[in-house]
Amino acid sequence: MACQGLQKGETLASLKRECDNLKKKLEEERGKLNDVELHQVAEKTEVLGALSVKTRRVLKGHGNKVLCMDWCKDRRRLVSSSQDGKVIVWDAFTLNKEHGITLPCTWVMACAYAPSGCAVACGGLDNKCSVVPLSLDKTENLAAKKKSVAMHTNYVSGCTFTNSDMQLLTCSGDGTCALWDVESGQLLQSFHGHTADVLSLDLAPSETGNTFVSGGCDKKANVWDMRSGQNIQSFESHESDINCVKYYPSGDAFASASDDATCRFYDLRADREVAVYQKDSIIFGASTVDFSLSGRLLFAGYNDYTINAWDVLKGTRVSVLFGHENRISRVRVSPDGTALCSASWDNTLRIWA
């Protein structure tokens, strides 16, 4: 069946060879444009001083691994989801739990706050992504108002709202990403191009941004055009699964974290990887990354229970944050850049500042 479209004298093996040759040629062309590495350009910039970041709050309340978290735009609230099937909305200042939602399925792997702060989205092993409106009435049963928006054929690994509450972007273990209309639950656009589970996605930061980046188990980071559904750039330099991708604040670059124990920095305009953040002493996989507000620091959470802060320009490690007692699942810098929140398999979240 698959061989119907083959021309005379073509075999699958010959096509694969041709494919590999074209890939090599592309790499060579890309290589010709390489001039200098990022750390060489940054030699003259000043060295960063020591970071005085400490744990300021510990958020306890989940009964199992915390798998995901997201800040609200108001810089105060955050939502977290856990393997115990609970989604909790917290006030990060007072540590109050403002809402608790119990989902019918455990392993809630993805959660996101709506830009307006009036709803949260969550999904996981139920292959769905649901949107739950938050109300001021604390006694109301939120789970009853839950609305299924996205449907995949495998687990939902990540979700994020676009610049409005009306559209939801999801990525899944079925190897696709998809854009959904929240009101109707209709599929607006699907994105095919990964050959294995997609583990993470991130939306370009600008208001008019129509692109997003995704990373997955095929070791690829792909940049997509949301309007056309086309894969416009692809980067393949990691040696293992990409667990997390995150745009640089300017939107011109992004970072990725991988099981190969490295984080990498890709410049979209140069169309190549410009920096690798690694040390021989770091042997555990990196699970999550986020940039400081200025973009000078890259915070990366690792499976050895630490968070490393890297100098983006110089490629050196500035600081190590200790405190969690199990692997880090997520780090996110607050929208105003004053605090960092980390979620961990030790059932807690920590706020660092």
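Everything that follows concerns the structure shown earlier in this document.
A brief report on the enclosed structure follows. Given the structure is predicted, the values throughout are model-derived calculations rather than measurements.

## Side note on the nonpolar core
One recurring pattern in soluble globular proteins: nonpolar side chains tend to sit buried together. Formed by 21 residues in total, the largest nonpolar core has its most connected members in Cys263, Phe265, Tyr277, Val289 and Leu298. Sorting the residues of this core by element identifies β19 (253-258), β20 (263-267), β21 (272-277), β22 (286-291) and β23 (297-302) as the ones contributing at least two each. Each residue touching Tyr277, except ones within four places of it in the same chain, is listed here: Leu38, Ala261, Thr262, Cys263, Arg264, Phe265, Leu298, Trp310, Asp311, Val312 and Gly315. Ranked by size, the runner-up nonpolar core spans 16 residues in total, among them Ala119, Val156, Phe161 and Leu168.

## Focus on the sheet that holds strand β3 (residues 77-82)
In space, the 4 strands of this open sheet follow the order β2-β3-β4-β5, with antiparallel pairing throughout. With one partner strand each, in any of the chains shown, β2 (66-71) and β5 (97-102) form the two edges of the open sheet. Sheet twist, expressed as the mean angle between neighbouring strand axes with direction ignored, is 15°.

## Describing the sheet that holds strand β9 (residues 147-151)
The strand order across the open sheet formed by 4 strands is β6-β7-β8-β9, and the pairing between neighbours is antiparallel. Each having just a single partner strand, β6 (110-113) and β9 make up the two edges of the open sheet. On average, each strand axis in the sheet is tilted by 20° relative to the strand beside it, whichever way the strands run. As paired elements, β6 and strand β7 (residues 119-123) share 4 bridges and run antiparallel to each other. From the neighbouring strand, Ala112 faces β7, where its bridge partner is Ala121.

## Looking at the pairing of strand β26 (residues 328-333)
One face of the sheet, then the other: side chains in a regular strand alternate in exactly this way. Of all 6 residues that make up β26, 6 are buried, and the element is covered over most of its length. What sits between the antiparallel neighbours β26 and strand β27 (residues 340-344) is a turn of 6 residues, in which Gly337 has the positive phi angle 80°.

Definitions and cut-offs
Residues numbered from 1 in each chain as written. Predicted model: local features only at pLDDT ≥ 70, side-chain atom pairs only at ≥ 80, totals over all residues. Heavy atoms only, no water. Core = buried A, V, L, I, M, F, W, Y, C linked by side-chain atoms within 4.5 Å. Buried < 20%, exposed > 50% of the residue type's maximum accessible area, 1.4 Å probe, protein only. Helix = DSSP H or I, 4+ residues; strand = E, 2+ residues; numbered from the N terminus. Contact = heavy atoms within 4.5 Å. Pairing = 2+ DSSP bridges. Axes fitted to C-alpha atoms, helices over the stretch in contact; angles between N-to-C directions.

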